[in-house]
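Fold and contact review
One-letter residues, chain by chain:
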Amino acid sequence: FFGLILITHHLDCQAKTLQLSTLLPPLIMSAIPTGNPGANMAAAVDAEVAKFRALQTEIQELRSSQQTLIGQQNENEMVKQELDLLDEDSATVYKMVGPVLMKNDVDDAKQTVDKRLEYITGELKKLDKKVEDAQTKASESGEKIQQMQSAMQQAAAEAARAVAQQHSQESS
């Protein structure tokens, strides 16, 4: 990276510029501002890396939410199993409302648990989709970073060849 900046700077000082557009795909070139090619390419890579890291953080947060929901789902499934074991006529179910336990009908308790399970399942599906989308974006971003880094290496090699050629011509 530093070698690229020094080489391109040296070439710029001598009014010889490297044509980066021949080395980089058009999509990447559109994201790179004009000026010092090495610094601009590095800035574009840094911006893409920051985007990639943000996506990784988002994925971690989504997975944490998934784990919370899975825990709630398991808890509600256990409650449902316990409610299914009860004799509806003789069983008494209590529901905590704030600091108070209130008597609750077994059928109402079952319906409440079923609705919670439906809601949690729906939320898990939404989170699965969000995780999948974020992973796709992160994968695309990672590929773009690799392309940009490869282009930087090619540009550095081309600049080094140009400098070497210039030095060999000056020596002759």
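Now for a look at the structure at hand. Not measured: the values here are computed from a predicted model.

Re the overall build of the protein
Broken down by element type, the protein carries four helices and two strands. Element order for the protein, N to C, with α for helix and β for strand: α-α-α-β-β-α. A total of 172 residues make up the protein; the buried ones form 27% of that total. A separation of at least 24 residues holds for 76% of the contacts in the protein among residues at least 6 apart in sequence.

A closer look at the pattern of salt bridges
Scanning all chains against the criterion turns up eight salt bridges. The partner of K80 in a salt bridge is D114, with the nearest N and O atoms 3.3 Å apart. Residue K80 is found in helix α3 (residues 37-85), and its partner D114 is found in helix α4 (residues 106-171); the two are separated by 34 residues along the sequence. Residue K80 is classed as partly exposed on the basis of its relative accessible area of 32%. Taking the relative accessible area as the measure of exposure, D114 reaches 28% and is therefore partly exposed. Close ionic contact of R161 with E158 constitutes a salt bridge, the shortest N to O distance being 2.7 Å. Separated by three residues within a single helix, R161 and E158 lie in helix α4, roughly one turn from each other. E158 sits in the partly exposed class, given a relative accessible area of 30%.

What about the nonpolar core?
With 10 residues, the main nonpolar core is built from L55, I59, L62, L69, I120, L124, L127, V131, A134 and A138. Those elements that place two or more of their residues in this core are α3 and α4. A per-element tally of this core places α4 first, with six residues. Beyond its immediate stretch of four places on either side in the chain, A138 contacts F52, L55, Q56 and I59. Membership of the second largest hydrophobic core comes to eight residues, among which are M41, A44, M148 and A151.

A few points about the side chain of S141
Within the secondary structure layout, S141 lies in helix α4. Setting aside residues no more than four positions away along its own chain, S141 makes contact with E48, F52 and L55.

Here we look at the environment of Y94
Mapped onto the elements of the fold, Y94 is located in strand β1 (residues 93-97). Exposure remark for Y94: the relative accessible area of 52% places this residue in the exposed category. C-alpha of Y94 to C-alpha of N104: the two residues are 10 residues apart in sequence and 5.2 Å apart in space. When neighbours within four sequence positions are excluded, Y94 is seen to be in contact with L101, M102, K103 and N104.

A closer look at a nonpolar patch on the surface
Residues Y94, M96 and L101 make up a contiguous nonpolar surface patch of about 380 Å² in total accessible area. For M96, the position within the fold is in strand β1.

Concerning the layout of surface pockets
There is about 180 Å³ of room inside the second largest pocket. Surrounding the second largest pocket, V79, L83, V93, Y94, K95, N104, A109, T112, V113 and R116 form its lining. When residues of the lining of the second largest pocket are traced back to their parent elements, those giving at least two are α3, β1 and α4. Counting residues per element, the lining of the second largest pocket draws most heavily on α4, which supplies four residues. Along the lines of polarity and charge, the residues of the lining of the second largest pocket split into six nonpolar, two polar and two charged.

Cut-offs used in this document
Residues numbered from 1 in each chain as written. Predicted model: local features only at pLDDT ≥ 70, side-chain atom pairs only at ≥ 80, totals over all residues. Heavy atoms only, no water. Helix = DSSP H or I, 4+ residues; strand = E, 2+ residues; numbered from the N terminus. Buried < 20%, exposed > 50% of the residue type's maximum accessible area, 1.4 Å probe, protein only. Contact = heavy atoms within 4.5 Å. Salt bridge = Lys/Arg side-chain N within 4 Å of Asp/Glu carboxyl O. Core = buried A, V, L, I, M, F, W, Y, C linked by side-chain atoms within 4.5 Å. Patch = residues over 30% accessible without salt bridge, like charges linked within 9 Å, V, L, I, M, F, W, Y side chains within 5 Å. Areas by Shrake-Rupley, 256 points an atom, 1.4 Å probe, with all protein chains shown as cover. 1 Å grid on protein atoms, 1.4 Å probe; cavity = no way out; pocket = protein on both sides within 12 Å on 5 of 7 lines; lining within 4 Å. Points joined across faces, edges and corners; volume = space filled by probe spheres on them. Nonpolar A, V, L, I, M, F, W, Y, C, P; charged D, E, K, R; others polar.

Purely spatial values, then, with no claim about function.
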